[in-house]
Structures are given as C-alpha cells and as structure tokens.
Amino acid sequence: MKEEQLLNIPGDYTDGIDRVDGRQKVTGAAKYSAEFNLPGMTYAVFATSNITKGSIKSIDTKAAEHAPGVLKVVTHLNAPKLPGYETGKDPSKPATGGGPLKLFVDNSIKFNGQPIAMVVADSFERATFAASLIKAEYTKEAHNTDTAKSLDKAATPKGPRFSDYKRGNPDDWKTAPVNLEAEYILPTEVHNPMELSAIVANWTAADKVEVYDKTQGVKSTQNAIAQAFKLPPENVHVTTKFVGGAFGNALRTWPHEIAAVMAAQLVKRPVKLVLTREQQFNSVGYRPYTWQKVSIGATADGKLTGIIHEARAQTSTFEEFTEGTVNMTRFMYACPSVGTIYKVIPVDVNTPTWMRGPGEATGSFALESAIDELAAKLNMDPIELRVINHADTDPENGKPFSSKNVKEAYQMGADKIGWKNRKNKPGSVQEGGWLVGYGMGSGVFGAGRGRATVRATMQSNSTLLIQTSVTDIGVGTGTAMTQIASEVFDNYPIKKIVFELGDSSLPPSPTQGGSMITSTVGGAVHDACTALKQKFQQVIGNGGTDKPDYAKVLKEKNLPQLDVEITSSGSSEMRNYSAYSHSVHFVQVKVHPKTGVVKVSKVVSVADSGHIVSPKTARSQIVGGAIGGIGMALMEEGVIDHRYGRYVNADLAGYHVPVHADIPQIDTLFVNKPDFKVNPMGAKGMGEIAIIGMAAAVANAIYNATGKRLRELPITPDKVMMA
Amino acid sequence: MKQFQYIRPATQQSVLEAIAKPGTQIIAGGSNLVDLMKHGVMSPDKLVDINKLPLRGITPAKSGLHIGALALNSQVAEDKQVKEKFPLLSMALNAGASAQLRNMATVGGNMMQRTRCPYFYDTSMPCNKRIPNSGCGALEGFNRMHAIFGASDKCIAVYPSDMSVALAALDATVLIAGRKGQRRLPFTDFHRLPGNTPEIDNNLAKDQLILAVEIPDNNYAKHSYYLKVRDRASYAFALVSVAAALDIDNGTIRGARLAMGGVAHKPWRLTEAEKSLVGKPANMASFEQAAQIAMQGAKAYKDNAFKLQLGPATITEALQHAAGLV
Ligand SMILES: Cc1cc2nc3c(=O)[nH]c(=O)nc-3n(C[C@H](O)[C@H](O)[C@H](O)COP(=O)(O)OP(=O)(O)OC[C@H]3O[C@@H](n4cnc5c(N)ncnc54)[C@H](O)[C@@H]3O)c2cc1C
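What counts, and at which threshold
Residues numbered from 1 in each chain as written. Chains lettered and ligands numbered in written order. Predicted model: local features only at pLDDT ≥ 70, side-chain atom pairs only at ≥ 80, totals over all residues. Heavy atoms only, no water. Near = heavy atom within 4 Å. Polar contact = N/O pair within 3.5 Å; in protein donor to acceptor, adjacent residues only side chain to side chain. Areas by Shrake-Rupley, 256 points an atom, 1.4 Å probe, with all protein chains shown as cover. Helix = DSSP H or I, 4+ residues; strand = E, 2+ residues; numbered from the N terminus. Nonpolar A, V, L, I, M, F, W, Y, C, P; charged D, E, K, R; others polar. Buried < 20%, exposed > 50% of the residue type's maximum accessible area, 1.4 Å probe, protein only. Pairing = 2+ DSSP bridges. pLDDT = per-residue confidence, 0-100. Contact = heavy atoms within 4.5 Å. 1 Å grid on protein atoms, 1.4 Å probe; cavity = no way out; pocket = protein on both sides within 12 Å on 5 of 7 lines; lining within 4 Å. Points joined across faces, edges and corners; volume = space filled by probe spheres on them.

All right, on to the site of the ligand then. Residue and element names in this part refer to chain B. The environment of the ligand is made up of 33 residues, and the closest members are Ile26, Gly30, Ser31, Thr106 and Asp162. A distance of 3.5 Å separates an oxygen atom of the ligand from a polar backbone atom of Asn110. Within the backbone of Ile210, one N or O atom sits 3.0 Å away from a nitrogen atom of the ligand. Burial of the ligand by the protein chains amounts to 96% of its free accessible area of 980 Å². For the shell around the ligand, the secondary structure elements donating two or more residues are strand 2 (24-27), helix 7 (107-112) and strand 8 (209-216). Here the element with the most residues in the shell around the ligand is helix 7; it accounts for four residues. Of the residues assigned to the shell around the ligand, the class counts are 17 nonpolar, 13 polar and three charged.

Below you can see the structure in the form of structure tokens.
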C-alpha cells in the first residue's frame, strides 16, 4: 500500500488530519525509551525497602555481588557522592522547587518501596534475581501513612499561592435561605500509563552523557541531570521520541533517572533501567489523597451568597507538594463571598505529583457535586443554577475573560444527551430493572501561553522541517503542530512537513503538561512559519506569488535551504485578561438497584477551548479524559495497608482503570470559537479539562438515578448498595 | 525469579514420574503460575509442561460431557455442545479474566489457580498460605475481597475461579491420574476449606494430574444464569458471583442448582437453598427465601460486610434471570 493511502489525508483538513505518527504506533515502529538498545547494554534493577520508616542497620549484598552476570551493587555505603546533590534547594518550596528524594545518600527510610540498593547486571533477569538476594536489617520507627486519620495534622503550605483566600464575607453561606455543607474524599490515584518509566543512560565521554528517557520535558531532564552531575547542560543529551502516556508522572526528574546515569558512570557501559509496575506506585508520584469540605449558600431563587471550599491533601514528609485544588472556586461562579483554605498533611509516603487535571480534577469533584446538591435542595435544574450564577467577568480579579462560552456549551451538551429526559426528582426513571439518571459537571483550567523557540527550515527538496524540543506524550502534538505549519504555509502538503521533537539539542520548548503546548509551541510554530514565509518573500523580492514553488526559489537563488529560529510567547495584552479553557461533561448512568453496579451508558463532553486546531487528536484527548474521569469516579484507588505502609493493589489487576466494556460511545463536541487573545491560532489547551468535572458528572448522575449522594471516590458497587 | 529447569514430556507416564519428584510443578497455560513465579510466591526448580498430552478434547461421555484438562477456557466457552447442554459453564467462563487470558488458560489450570489475596502475593507480608504460621495479613488488614463462609483464623482468602463455580453447581466430577491409576472425585470435594492448613488449596496430591472434568446431563440448560458482580465490567475478580440453574415445569421448580463465588476458599455450593426451592413456584418469594437460607452462617470482616447484603441480592437476581423473569 502506498503511504498516501495509509495516511488517508482528506482534501481539506476540516475534519483534521490523521495522526502523523499513527502508523508507526500501530505497527510497532515507534520506538519508546525502553526500546533503545546500545552495544554492551547493562541493566539496573532496584531492591526496595519493605519497612516504611526508619533506617538501614545493615545491608548484605554479598550474594547479589556473586550472582551470575552482576557488575555492580550500589547502596548508600558505596554510592559515589554526586556533586550536585550537595546543593539541595529549599525543601519547603513547592514540588518542583524542593528536590525529590535523593537515593543512596544515607541509610534513612522515608517510605515503603524506597530503593535501598541498585544491582547492575548483564541482563535484566540476572539483575532482577540478584536484587532479590539483597537482605537488609532495619531499625524501624513508627510510621503513619493514613492521611484520612491525620486530617488534624494539616498545615498551611509555605508557598504564597496557597495562603487562605477570602473575598466578601464567606460565612454568608450560613445565613443563606438555602445552604449545605458536605465533605468529599478523593483517594490516592496512580497515573499508571501503559508505558513504564524507563531510561537508558550512556556516558559517551568522561563529561558527556546521552539518555533515552521517558520524560514529558527533555529540557528539564537535561537540566536536572546536568545539575546532579555538575555538567554543562549541553553535555547532557536527552532523547524522548515517543511517550506511551504519562498523565503527569514524567513531569519531573525522579530519583531512578539520576540513579541510572550514576550506574552508567560506575560500570562504564550503557545502563537500562525500567521500573516495575509495582515500583511505579512508589516512584513517580500519584494524585494525593484529598479531603475536602464545601459550605455553600444561596437565595431561594438560586443566587449564590457564599462559598467556603477547604481541602487537605497528602504529601511526603520531605517535600511539600501543592496543587490548586480549591482555586477554581474563586472564579468559577459569580459569588460575592468566597473563602478557600488549602492545607497539606505530611505522611510517610513518596511525594505526590501532578496528575491529569492537577488540583482542579480533585477540586471540581467537590465543587461541582456541591453545586448539584444545592440545585437539588433548591429543586432547580443544575444547569439553570449554573446559568443564574454565570460569572461574566473573573470574580477573583475583576478582569474580563479572554473568551468564555460555557452557556453555549451547556446548551450543546444538554441537547446532545437529551437532558430534557432528566427528571429533577431522583430515582424516578427505571428501564429494564435499572435506575436511570443524568448528571453533569463542569471543568476549567488555565489557558496560558508560555515561551518556546522553534526552528523552521525549507529544505531544497521542498520539505518543511519544523524543530523544537517538545515531547509528545501521546496527545498528538506532532500532528497538531504539523497542521498549524500547513495552515500558515497556505495548506502546505502534510506529507512534505516533518515535525522533529523530543530532543534536548533542538530549540527549547517547555515541558509537555498543564494544557500549554498547543498554545505555546503552536504559537511559536505559527510565528516561525510566518517568519519563514516573510523571509521567502524578501528573497524573492518584488513580484513574489502567494504560493511560491519553494524548491525552485531555493535553486534559483542558489540557496541550500532557508531557515528561521523564532522565540515567542504570549502578548503583554494577555495580562489584561483571565484566560481559561472550559469543559462541560454530561453522562447518563444506569444503576442496578440491588447490586449497586453502575453502568455509564452515555457520555457527552463539550470543550470550550478556542479554535480546534486538530479535530481528530482533540477528539482523542477528550475521549481519553472522559475515560480517565469515569475511572476516577468509579474505580481508581491506590490502597495502602496502613499497618505496613504498603500498597496492597500495586498492579493492573488490583488497581482498576476502565476496560472497553465499561465505556459507552463518547460524543465530543467543540464550541470551536477562536480566542485570538491567547495566541494567533485562537486555540486554547484542552488536555486537562477533558477530565476535570467528569467525576462529579458521574456522581451527580448516580444521585439523579438513585437519590443516593456519594461523596467518596471511587463509587464502587458496595458503596452504592450500602448508601 | 530464580533459575529453573523446563521439560515437556510426551506421555502421561513421564509426566507422572516427573511430578513425583520434589520441586517440580506442572505448567499448562502458565497464566497463573508464571505470575506467581515472577512475584517470588512460587519458586519451582523444574517446570513440567503438559501441553504435549492429548487432553484437549471435548467429547460426549456416557451420560454427559467429557472436557479435557488442557481444553482452553475460550475453547470450552465457545464449544457447541457446552453452549447447548451447559450454557451456565460457558457464561461463567466468559465472565472470567479477559479474552487474551482465556485463550491461554486451561481447564486444569483454572481449577488449580491460586487465591488473589494481596497478602499471598506480596512476599513482604505475612501469609499462612504462602508460609505456614507466618500469620494472616488479611484477617485485620484490607479484606474487602475476602471470605464470608468457611474461613478460619489462619486464612480468609477466597478462591477466585468463575469456571469452578459453574462446575460445582453442575455436579461435575474430576478425573485424576496418579502413578497407581485413576480416580474420580466429585467437583465439590476437589477444593477444600483452609482450616489449620491453608497452604493446601485442594485435595489433589502433589504427584497427581488432572485429566478431565465430566458433567452429567441435566435439565437446566433452559434456565441457567451466571451473574458476576465486580468493580468493572470485565477483567476483574468477583465481589460475589452466583451460578443459578433451575428446572422449571409449568411455573414450578422441579430442581435447582446454586453455587457462589467470591465468598469462600472454594466454590460455595448452596445445597440447603437448592432444596428449599424444589416444589416452589418460580417467583421472587421463593428466591428470597432461598437467598436467606443461603446466607446462614455468613460472617463478615472489617471491609467486606457489604457481601452479607450483596450475596442475597446476587442470588435473587441470578435466579430471576435464570427463571426468565428479567
Ligand atoms: C489479570 C488476571 C485476571 C484474571 N481474572 C480471572 C477471573 O476473573 N476469573 C477467573 O476465574 N480467573 C481469572 N484469572 C485466572 C485465570 O483463569 C487463570 O490464570 C487460568 O485459568 C490458569 O490456567 P493456566 O492453564 O494458565 O494455568 P497455569 O498457570 O499453567 O497453572 C496454574 C496451576 O495449575 C496447575 N495445573 C495446571 N494444569 C494442571 C493439571 N492438568 N493437573 C494438575 N495441576 C495442573 C499448575 O501446576 C499451577 O499450579 C485471571 C488471571 C489474570 C492474570
């Protein structure tokens, strides 16, 4: 079959082009970090602590050292001191500010599953076997991993964004004619992407190292490794061509990455380190257990008078991880009096990290459930309540929104799912022995634009090469960027555009995350392509056509190629606006009245995120987020046995995410109105809003079906049945 | 994972000789054993692969069906005779694991699969089944998935198979070969309760091989149903499952077969509840009474009290489906 046929490129791109790397992904040609094999490869495997707190009294590595194929066993007793590890930053700073755990620097144990030794051997199996032979004796100390039982230990974080917020008189909710106060619980959730965290490290000279790493940001990994080993950043070469999902767990550089680079230095051979699924639970972050309370009041006709949103979230004892869990409550609805309180609870676990929709995904479960509860108390349609309290300008800072079309989104979603079939009285619809209910919830996430540098090159064979360091964590960045380049270049053929990414030696882009990439890198691609076009016009001089034959121009002017490198970021005008992406999720559920089984039977997700650059990959984003939200609502929970401080479901058989049979057809709708204040494409990010608000939508639908209000996730059959 | 040997004998005799030696372990589909070896829960010195033995057939027996121990779960589930005569078994198989696993898993391996109790799986935790007298981690630990019937203080794990729940309900017999010859065992006597020796899952001796299961013909094909309540729609073990089979004549129950999964260390056959149904009208009142009888003696632990309510709910729901009332 010819390439064109496989790519299925439509004549105009209104439906969006197919994923530019789709064929590589489905044929196995795509090479993920763990798949890079270098001559002389060796394999590193961790032995981990099975106590939760204390110190290593003694560690016996003899058997491991003598096991077949073993090249090196590293523990705190013999690990080289990394020069950069001495200059630890202030541990009180928010997550990325304070350094993560440093491995093998002393004998202390801070959480269960912490690596205590690293075996390097000539095969993965031999390293695994040798690691199993390592025996440690510990001095145990009493530990605490139970956040639920430690709510009274919560403390206000040190970062300024997380101090208490207050406008008006938040306590006004208490005197409101209709009010309520409710607590919501979100358990620990683990990202669990298909691809395990993996790194291949290889020192190519005494002061030069190359790594193939699973990371969401090659530049940040480059800097972290350079800092740890005190190297000039350009001596660290990071490649990440494909990422098999990450959802935030590769946003920062974790200890295993530094350990692999250390191992490669010690054995003077390339080292591959792939975490096990079980190790993923303790090594690369998770969404922290969070307790929330929402107190909310309204007038009899539904005007909000006061909201207090409080959250207390788990963190580690050695790092203060914070996220904007309560922040959306400040600006989501027009309410004169709002208070937010956010606290963290240090327990003996590894540090949490951002997970898809960080903060808001947790916060929206509470806020959007509470709004639904209030609507029920008011005997009002929950959409109507939201419309009544629509914020026309940002209530937090008084600024206009760069764009906001949620009312339209409510309408589109309601029409599509058949909201008119919803009865306001819960438990009133039955179908074939199942209770039927509808629910909705909305999401919001900042739509900023950061700084990125892009190089655009027209090559002599008329290939348009676009280069920047950004990674594609599976969202389709390469596809969206190709499409932007094509549009700027007057529908330049997709086949002739090559988007090169995932390499630290390319012009710098930010880490992939926070729904920033389409806006940030897309904006820079747009600007670079525009600049390259202008450069061509200059070269051609007067009389240039709209669509020059670029290859011909280069040949005529005797140029090997023509290129530009452009750094761009948001305009200063942006400061006058509040910019957010919005989503509204609608679901229909069927609940079995006797067994408590919940089936999500319809999903409609509406995104209000500006112009949709790449409809196909945008749809995939929303579908993936909706599935993540269904998992969050009904299944996901990392369970720790607090007596031991150990996970009891650290695998994909025990940690449930949805399977195909759990997921109905998902309709994705886009308001698709450009917001040119954010960037020249008018596009805003949508990675996070795809999940934010979905868990509340499911919980609200379960309420509508059964009259049971479930405030603790995940909503498993037993909870529904026993409520 | 430690180093081990692997052999693939061609005859039943050589398999029997091999497994008589200590440190050996039969491997069929490997979907449970290899997992346990990777976790360090089982560490045999020698694997005896039985896939060369001619035990794959599904053939008519004297009065019923003979299903070879190496018949694949997917093969049995889709077999025409099975679907016609014992749809309950087909339903139970299809409710288990995932399509990929069912393509590997064998009937013998499925019967012999070990508990999914997390304390059994994690070698850093105490578990009397894995290491006798090391304690039971689940007793006061995370025991949402655990037993409500027939447990002991030594072990409250449940036996996870779906297939076996149906086979227990269908009065199947197990054909077993040893060096001294063959024997037959009622399916309901194959698995055992933990008592003081939870390290022993069942009554198959170490040097014996499962050859087949046989299911006698019955009148339940028209009215049977396997209902599995679980945390997601596929690829999850049962919170509670029920195999229900009824022989209904003109609205009156002539015979009934009932068994539960996810509640005990073995497939939990409910003979008293079955008896209560005989002669009764096939309606909700009869089913509720049977469910009540079925739950007698149930005992919950910290996290699984919901099973006391989910149990009867699942029984009545399964019976209603079997009777064609929903
Ligand atoms: C993620 C996951 C989910 C699952 N979900 C379910 C589920 O929902 N429901 C369910 O019922 N099952 C489930 N299973 C379990 C699955 O059914 C078993 O793994 C499978 O049936 C085992 O069959 P096998 O042939 O692969 O056995 P193997 O792994 O080869 O062997 C298992 C045991 O049986 C012994 N053995 C095998 N054949 C014989 C024989 N002929 N005679 C004597 N001993 C023998 C072996 O020595 C070994 O101890 C799941 C498994 C996994 C991994």
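Residues and elements named next belong to chain A. Most of strand 14 (residues 304-316) sits out of view: 13 of its 13 residues are buried. Examined bridge by bridge, strand 13 (residues 290-298) and strand 14 share nine bridges and lie antiparallel to one another. Following the sheet pairing, Trp291 is matched in strand 14 by Arg312. What sits between strand 13 and strand 14 in their antiparallel hairpin is a turn of five residues, with Gly302 showing a positive phi close to 95°. Bridge count between strand 14 and strand 15 (residues 338-347): 10 bridges; the pairing is parallel. Its bridge partner being in strand 15, His309 is matched across the sheet by Thr340.

In the predicted model, chain B carries a mean pLDDT of 97, and 100% of its residues have values of at least 70. Here the predicted complex scores 0.96 on pTM and 0.97 on ipTM.

What follows covers unusual backbone geometry. All names here are of chain A. Residue Pro714 is reached from Leu713 by a cis peptide bond, and omega for that bond is -5°. Relative to the helices and strands, Pro714 resides in the loop between helix 16 (694-706) and helix 17 (717-722). In this model, Phe247 sits at a positive phi of 60°, which is unusual for a non-glycine residue. Residue Phe247 is classed as partly exposed on the basis of its relative accessible area, which comes to 36%.

Here chain A averages 94 in pLDDT, and 96% of its residues register 70 or above. Counting interchain partners and residues more than four positions distant, the pLDDT-below-50 stretch residues 1-13 of chain A has 19 contacts.

This next bit is on the side chain of Asn389(A). Residues and elements named next belong to chain A. Following the sequence through the fold, Asn389 ends up in the loop between helix 10 (382-388) and helix 11 (406-417). Given the relative accessible area of 1%, Asn389 is considered buried. In terms of polar contacts, Asn389 uses its side chain to reach the backbone carbonyl oxygen of Gly302, at 2.8 Å. With sequence-adjacent residues up to four places away left out, Asn389 is seen in contact with Gly302, Lys303, Leu304, Tyr333 and Ala334.

All right, on to empty space enclosed by the protein then. Residue and element names in this part refer to chain A. What the rule picks out here adds up to nine cavities of 30 Å³ or more. Estimated volume of the largest cavity: approximately 100 Å³. Along the walls of the largest cavity sit 15 residues, with Phe104, Asp106, Ser108, Gln114 and Pro115 positioned nearest its centre. Elements that contribute at least two residues to the lining of the largest cavity include exactly strand 4 (108-109) and strand 5 (115-121).

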